[in-house]
Amino acid sequence: MDSSANSETVIQGIPASAGIAHGQVFLYLQNELEIPQYTVDPERRGAEIARFEQALVVTRQQIRQVQEQVRKNTSEEEALIFDAHQMVLEDQALIGETIRDFQASGLNIETCFNAVAQRYVQAFAEIDDEYLRERAADIKDVTKRVLLVLLGQAATSLTQLVEQRVIVAEDISPSEAAGIDRSSALGIVTDAGSRTSHAVIVARSMKIPAVVGVNDLTTRVKDGDWILVDGYEGVVIVNPSAATMFRYGRIQSEKKTFETQLMAVNELPAETLDGVTVKLRANIERPEEVALVKQYRAAGVGLYRTEFLFLNSHVVPTEEQQYAAYRTIVEGLAPEPVTIRTLDLGGDKPMPGNPHLIGPEANPFLGFRAIRMCLEHPEMFKDQLRAVLRASAHGRVDLMYPMISGAEELARANALLEEAKAEVRARGQAFDAALRVGTMIEIPSAALTADVLAERCDFFSIGTNDLIQYLLAIDRGNNRIAHLYDPAHPAVVRVLKGVVDEAHKRGIKVSVCGEMAGDPVFVPLLLGLGIDELSLTPTLLPAVKYIVRSMRLSEAQAMAREALAQTDPKKTYALVEAFYKARVQPAG
Ligand code: PEP
Ligand code: MG
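Before going into details, it helps to say that this report is about the structure given with it. Owing to the predicted nature of the structure, the values given are computational and were not obtained by experimental measurement.

## Focus: the sheet that holds strand β13 (residues 436-441)
Item 1. Strand order in the closed barrel formed by eight strands is β9-β10-β11-β12-β13-β14-β15-β16, with parallel pairing between adjacent strands. Each neighbouring strand pair of the sheet contributes to a mean axis angle of 25°, computed without reference to strand direction.
Item 2. Note that strand β9 (residues 279-284) and strand β16 (residues 533-536) share four bridges and pair parallel. From the neighbouring strand, Lys 279 faces β16, where its bridge partner is Glu 533.
Item 3. Relative to the sheet, helix α12 (residues 319-333) contacts β9, β10 (301-305), β11 (338-341) and β12 (397-401), its axis offset from that of β11 by approximately 160°.

Below, the structure written as structure tokens:
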């Protein structure tokens, strides 16, 4: 795109996080490094070694800066990772071997350093010791930085974003998303992704406007271009004209008025017009979000995605570290309940620093993910279970397993939970003996055996993000098929109803904690189908509370009956949308 011509270009993507942002582009590209190979003339070899030493000094400074940035944005603990990076730069074996290789081969220092570093990475990755294996990731990270310095290329990292900019990226991994500083990220636009990708969930929790699925935007803009992000409609406008800016100024102030109206319900109970109270809980990913849960008056936490504790770290957190994080949340919200979901790594949430946990897979969403991985790493899983149990001594904790496919897996997870209880007891540590254990329903086989599972657990929480992906065979992160990801599909509506009925017959409650629960248009359908509780991103609570307070449950039930009889998803959507619109009239 020729931005010098300053022509306005409107591009349609998928709305991912509400709000309007305007600012300059921060282009976040992560291309594979291309390392040139050439021979250095004998008389220049001294200078080549000096160039290497200088690059090590510059890299050290860069790492210190990033460390400061991370300390400011996240925590001291995260910042400590970079001490390990500094140690790599001081590793005399690595540096000495590079110089020896260079003197022997005469090849440019980038080539030698890369080859030596790769040998180290390979050797560490094969060692049967978790700590040493993790060093492979550190070496990889640092090698890339040094090579970028040697090649005179700038390193891009989201933690480096210090000015207020709109992030434009091909995609953002969950761990990168966790490094986003909300004060500098005005908006987020990605080529890839869908409404339920984790970068989007993070954006929504930080109230950063986001549009995803914009195909090749990264190839059409450059750093510094002006861009407007409309997270309501999923529109991105490059070089917006004065007229567009004026129009958006008006839209923004209208939306603000509506948001002010919404915030007015924040303090009021989530009660329907016919007097039914609906429990609205929060989805969180980090202990720091406790303040947000309170601010939005959520009735505790319905989904704490514990994997974010792991994603932010190069090392697997210890039982003590996990216990400290869980306890902070539980104590911070007591007496409200906190539903702690066990580790859901894999799928779109690999743990980059620990490839030995989940290696590369052809089909990660159908692969070694969540409970499957935990059952194969029982010691790691039990560390987590003991941490959860101990946290339950400080307030009400519900435990929940992700990606359960059937009763056998649930039984195996529960057997490990019993072992963990015995271990905690043997140490003389306290825990809540009445801890409730729930199952996520997010795999079709679990939904279809809900009758069996309901006999064996205390509650269900439906993960519609995954359930819809697996029911309709739509990769939730693939923007080419994102339009086919349809919560109004009759298969979805019927399965939800089936799960609710089987659970209620056996006296257990059903929550929905997927993104559908935070979409006010679908909330009446969920409640009408008999869903008991909703768990959603805290910032979406006012909009959901607003529709709950504007409807009668009896009318939602009638609408749900109609939806169940419907076979055309478009008509189902029209039905739920009409129900919503008839009750909520945004200002303007
Ligand atoms: C879901 O699948 O709906 C869910 C809540 O889990 P996650 O988004 O973390 O996979
Ligand atoms: Mg899920």
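## Quick word on the packing of α12 against helix α14 (residues 378-391)
Item 1. The contact between α12 and α14 brings their axes to 8 Å, and the two run at 35°. The handedness of the crossing between α12 and α14 is right-handed. Seen from α12, the contacting residues are Glu 319, Glu 320, Gln 322, Tyr 323, Tyr 326, Arg 327 and Val 330; seen from α14, they are Asp 383, Gln 384, Arg 386, Ala 387, Val 388, Arg 390 and Ala 391.
Item 2. Of the residues in the contact of α12 with α14, the class split is six nonpolar, two polar and six charged.

## A look at the site of ligand 1
Item 1. Around ligand 1, a shell composed of 16 residues is seen, among which Arg 305, Arg 341, Gly 463, Asn 465 and Arg 476 lie nearest.
Item 2. Separating an oxygen atom of ligand 1 from a side-chain N or O atom of Arg 341 is a distance of 2.8 Å.
Item 3. When the free accessible area of ligand 1 is taken as 290 Å², the share hidden by the protein chains comes to 100%.
Item 4. Judged by the fraction of its atoms near the pocket grid, ligand 1 is located in the largest cavity.
Item 5. Elements represented by at least two residues in the shell around ligand 1 include exactly β10 and α18 (464-472).
Item 6. At three residues, α18 tops the list of elements feeding residues into the shell around ligand 1.
Item 7. Of the residues that constitute the shell around ligand 1, the class distribution is three nonpolar, five polar and eight charged.

## Topic: unusual backbone geometry
Item 1. Cis peptide bonds are those with omega within 30 degrees of zero, and the linkage from Ala 334 to Pro 335 qualifies with 10°.
Item 2. Positive phi, close to 50°, is recorded for Asn 215, a residue that is not glycine.
Item 3. If you trace the backbone, Asn 215 turns up in the loop between β6 (210-212) and α8 (217-220).
Item 4. Positive phi outside glycine occurs at Ala 370, with the angle close to 50°.

## Describing the nonpolar core
Item 1. Membership of the largest hydrophobic core comes to 137 residues, with the highest contact counts inside it found for Ile 167, Tyr 401, Phe 460 and Leu 534.
Item 2. In this structure, Phe 460 is in contact with Thr 439, Ile 441, Ala 450, Leu 453, Ala 454, Val 499, Ala 503, Ile 508, Lys 509, Val 510 and Ser 511, ignoring residues within four places of it in sequence.
Item 3. Among the nonpolar cores identified, the runner-up in size contains 29 residues, and Val 88, Leu 94, Ile 99 and Tyr 120 belong to it.

Parameters at a glance
- Residues numbered from 1 in each chain as written.
- Chains lettered and ligands numbered in written order.
- Predicted model: local features only at pLDDT ≥ 70, side-chain atom pairs only at ≥ 80, totals over all residues.
- Heavy atoms only, no water.
- Pairing = 2+ DSSP bridges.
- Helix = DSSP H or I, 4+ residues; strand = E, 2+ residues; numbered from the N terminus.
- Axes fitted to C-alpha atoms, helices over the stretch in contact; angles between N-to-C directions.
- Contact = heavy atoms within 4.5 Å.
- Left-handed = near helix turned anticlockwise from the far one by under 90°.
- Nonpolar A, V, L, I, M, F, W, Y, C, P; charged D, E, K, R; others polar.
- Near = heavy atom within 4 Å.
- Polar contact = N/O pair within 3.5 Å; in protein donor to acceptor, adjacent residues only side chain to side chain.
- Areas by Shrake-Rupley, 256 points an atom, 1.4 Å probe, with all protein chains shown as cover.
- 1 Å grid on protein atoms, 1.4 Å probe; cavity = no way out; pocket = protein on both sides within 12 Å on 5 of 7 lines; lining within 4 Å.
- Sits in = over half its atoms within 2 Å of the grid points.
- Core = buried A, V, L, I, M, F, W, Y, C linked by side-chain atoms within 4.5 Å.
- Buried < 20%, exposed > 50% of the residue type's maximum accessible area, 1.4 Å probe, protein only.

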